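# Coordinate inspection notes
If you want the building blocks of each chain, they are given just below.
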2 protein chains.
Amino acid sequence: MGKIRIAIDAMGGDNAPEAPVRGAIDALNDRKESISLILLGDEQKIRKMLDGLTYPKDAVTLVNCTEEIEMAEPPVNAISRKKDSSIVKGMRLVRSGEADAFVSAGSTGAVLVGGQVLVGRIKGVERPPLAAVMPTEKGASLLIDCGANVDARPAWLLQFAEMGSIYMEHAMHIKNPTVGILSIGAEEEKGNALVKETIPLLREKEDINFIGPVEARDVPAGAADVIVTDAFSGNLIMKMYEGTATSILHVFKKTLLSSLKTKIGALLIKSSLKSALKTYDASQYGGAPLLGLRGLVVKAHGSSKEKEFRIAVEQCLTFYEEDVNGKIRERMEAEAARMRQMKKAKAAEHPE
Amino acid sequence: MGKIRIAIDAMGGDNAPEAPVRGAIDALNDRKESISLILLGDEQKIRKMLDGLTYPKDAVTLVNCTEEIEMAEPPVNAISRKKDSSIVKGMRLVRSGEADAFVSAGSTGAVLVGGQVLVGRIKGVERPPLAAVMPTEKGASLLIDCGANVDARPAWLLQFAEMGSIYMEHAMHIKNPTVGILSIGAEEEKGNALVKETIPLLREKEDINFIGPVEARDVPAGAADVIVTDAFSGNLIMKMYEGTATSILHVFKKTLLSSLKTKIGALLIKSSLKSALKTYDASQYGGAPLLGLRGLVVKAHGSSKEKEFRIAVEQCLTFYEEDVNGKIRERMEAEAARMRQMKKAKAAEHPE
């Protein structure tokens, strides 16, 4: 297996170009034998940044881009018009096979649209889902879909369950990952139409470890390794997690600073608390992969710092070394063969 | 205005019959001039409990019930079969006008089905939503719907916005309450089909104070007074709030007990922290009203204690004194008149 060629959007996110460039170079220096980088963006700016850094020069290529996609731009327009932007050019490199992966902290909409339109799907994949690794009390759960397909269908959710299981098993090294479907009660008859239609299909699948409906209340405790849902619900869960944690910590902080007594108390608990709260630090898991594409696309959080970009690059490497896409492709082929078999059997039963 | 007659499910919830009976009697003793009670359940048990209490005897009626609806029973079956249960009998009292309100901490499903089937809707109301008052950093938001109608339609959400606004204005005394629709982005083009179809309709309505989409991330901070959504999403939000808070507090507690140093720190911050966390105590707001029915039905949390039942009874009193149902009825009539007018105008424009 050769080196993985990772394209980096050097212009995306709040801390660009410093954070993506430095983070990617850090990862490269750690794993020189396995990684080569393609940095996309304003070449002059990137070159200036690189001048101060030590790294294997022949492992880094620059691709100059003269346009930039803004966060507020309507994604479909942006992708079709700004052909010289780092997002469009990065996606095209993955499409053509010149890059194996693309990491961007730019516009989520543009990354989602670009992934589907420019990179293209693995044959048999109906809709590529955005998957976020969420920290839980137990470790981590994969919330899939958390951003790409808002009005989803049962057949798509089935594929999310399969791709999510493969990702957790091979990229996150969780053996025989449990799969739950997000719902509003433990009983199967609860839930909306999508959930009620999907549950029996998930039960039938033998290649996943389905454990039934998972309630939102149990998500933070780590109720399942893979949590399957439509992107609207998935996004609500992800954002509610973030919002509630932020709000509680805000109230805590205010309380701890409210008197001399609490300030002394705060000093005594500070370091222990900080390390305990690391459990909830989503950045330790890198970015959110868009699964089911003919290459890997990773959406990093807009606020990502150097460290998160380094982790996202390492995440691409694991994905590549474990051949996650090869495994998704195999699973989709097997599934297509199974469907053909079923059709044949049915046709034999009821000859016309 | 006469006394409000409040029916209480004395058998519902984890702490029945003690908590519902004691809580209701507490409220009665506080507001003797305004409340009369009908306690439904095992008469012998209730009578035993009442024997130890002081209260105006003529303000309390007992209704014996020989059946009980279990939490796990399929609600539709339970409601149609167990005619001698406290839930069915309580609902019937509201339907017949013998009671103005019914409070139950029993099976949520049975309360929802019973409300719709046995109590019946106010004319013009399409679907009665379950509304939960959620504590926020700013005070409280009404999450409507949080349990009744999972696959909702735009027209229903419009009515949720109207009924929720009336409830917050009159039962919670928030002037000109802001209304947001739960979505996954501040931009209107984000969201699922339901949200995208509902937004323009909400914008058109002149009798509500619509402020646009609200992201889950901003809910805990108090982004809107009324948050309109389908019951699936609403329930996810409510449960994720609960689950995240529980999980964080769990990690905090473990940390504070982890060493002598942190234990001393914990002692110093304990009382301040406790009072700060009261912000997040949902029980201060009583139960969740099922709005749009021909009487008030309040679903109390299954774990409700004496205090929560007392608050739920007071909540019924405010609802009655402020004539919230009369205001909902007026709004529905005005809306129906407006629709008739529009149809007439259209017919005049295009005579056949």
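Everything discussed here concerns the structure shown above.
Notes on the structure in this doc start here. Model, not experiment: these values are computed from the prediction. In this convention, every chain numbers its residues from 1, walking through the sequence in written order. The naming scheme follows written order: chains are lettered A onward, ligands numbered 1 onward. Note on the predicted model: pLDDT of at least 70 is required for a residue's local features to be given, and 80 or more for side-chain atom pairs to be given and counted; whole-chain, interface and lining totals, by contrast, use all residues. For side-chain calculations, the full set of non-hydrogen atoms in the structure is used, while hydrogens and water are omitted.

## Some remarks on the overall build of chain A
As a reminder of what qualifies: In this description a helix means any DSSP run of H or I spanning at least four residues, a strand means any run of E spanning at least two, and both kinds are numbered starting from the N terminus. Only C-alpha atoms enter the radius of gyration, while the globule expectation follows 2.2 Å times N to the 0.38, with N the number of residues. Here the term buried applies to any residue with accessible area under 20% of the maximum for its type, exposed to any over 50%, and partly exposed to those in between, with areas from a 1.4 Å probe on protein chains only. By definition in these notes, contact holds between two residues if any of their heavy atoms fall within 4.5 Å. Areas reported as accessible are Shrake-Rupley estimates using a 1.4 Å probe. Residue values count occlusion only from the protein chains shown.
For chain A, the count of helices and strands is 11 helices and 11 strands. For 352 residues, the compact-globule formula gives about 20 Å, and the C-alpha radius of gyration of chain A, at 22 Å, lands near that figure. Along the first, second and third principal axes, the C-alpha set of chain A runs to 75 × 55 × 40 Å. Relative to its full complement of 352 residues, chain A shows a buried share of 55%. Taking as baseline every contact in chain A between residues at least 6 positions apart, the subset at least 24 positions apart corresponds to 72%. By element, 51% of the accessible surface of chain A is carried by carbon and sulfur atoms, the whole surface being about 15600 Å².

## Some words on the relation of the copies chain B and chain A
What counts is decided by this rule: Superposing copies: least-squares fit, C-alpha atoms only, residues required to have pLDDT of at least 70 in both.
For these two chains of identical sequence, chain B goes onto chain A by a turn of 180 degrees and a shift of 0.0 Å along the axis, with RMSD 0.1 Å. The superposition operator between the copies reduces to a two-fold rotation axis. Looking at the rotation axis and the C-alpha trace of chain B, the residue lying nearest is Gly265(B), at 2.0 Å. When the interface residues of chain B are mapped onto chain A, 100% of them are again interface residues, pointing to one common binding face.

## Re a positive patch on the surface
All names here are of chain A. The condition is simple: Surface patches are defined over residues having more than 30% relative accessible area and no salt bridge, joining like charges when they lie within 9 Å and nonpolar side chains (Val, Leu, Ile, Met, Phe, Trp, Tyr) when within 5 Å. Salt bridge, as applied in this entry: a Lys or Arg side-chain nitrogen positioned within 4 Å of an Asp or Glu carboxyl oxygen. None of His or the chain ends enter the tally, which takes Lys and Arg as positive and Asp and Glu as negative. Lysine's charge is taken at NZ, arginine's at CZ, aspartate's at CG and glutamate's at CD.
A cluster of basic residues, Lys83, Arg92, Arg95 and Arg294, forms a positive patch at the surface. With respect to the element layout, Arg92 can be found in helix 4 (residues 86-96). Taking relative accessible area as the criterion, Arg92 reaches 43% and is therefore assigned partly exposed.

## Remarks on the pattern of salt bridges
All names here are of chain A. Counting across every chain of the model gives 36 salt bridges over all chains. Across the pair Arg331 and Asp207 runs a salt bridge whose closest N-O atoms are separated by 3.4 Å. On the criterion of sequence distance, the pair formed by Arg331 in helix 11 (residues 324-349) and Asp207 in the loop between helix 7 (193-204) and strand 8 (209-215) is long-range, its members being 124 residues apart. Where Arg338 meets Glu335, a salt bridge forms, and the shortest distance between an N and an O atom there is 3.0 Å. You can see Arg338 and its partner Glu335 sitting in helix 11, three residues apart, about one turn around the helix. A single network of salt bridges, built from pairs that share partners, joins Glu162, Lys205, Asp207, Arg331, Glu335 and Arg338.

## Section: the packing of aromatic side chains
Residue and element names in this part refer to chain A. In plain terms, the rule: Two rings belonging to Phe, Tyr or Trp (six-membered ring only in the last case) form a pair when the distance between their centres is within 6.5 Å. Interplanar angles under 30 degrees mark stacking, angles over 60 mark edge-to-face geometry, and anything in between is tilted.
All chains considered together, the criterion is met by three aromatic pairs over all chains. Aromatic side chains Tyr167 and Phe319 sit 6.1 Å apart centroid to centroid with 45 degrees between the ring planes, which places their arrangement in the tilted category. Of this pair, Tyr167 sits in helix 6 (residues 154-171) while Phe319 is found in helix 10 (residues 306-321), placing the two residues 152 residues apart along the sequence. Under the relative-accessibility criterion, Tyr167 is labelled buried at 2%. The class of Phe319 is buried, set by a relative accessible area of 5%.

## Here we look at the pairing of strand 5 (residues 131-135) of chain B
Residue and element names in this part refer to chain B. Defined as follows: Two strands pair under a simple rule: DSSP has to find at least two bridges between them.
Counting buried positions along strand 5 yields five of five residues, so the element is predominantly enclosed. Burial of the side chains of strand 5 extends over both faces: Ala131, Val133 and Pro135 are buried on one face and Ala132 and Met134 on the other. What sits between the antiparallel neighbours strand 5 and strand 6 (residues 140-144) is a turn of four residues, in which Gly139 has the positive phi angle 160 degrees.

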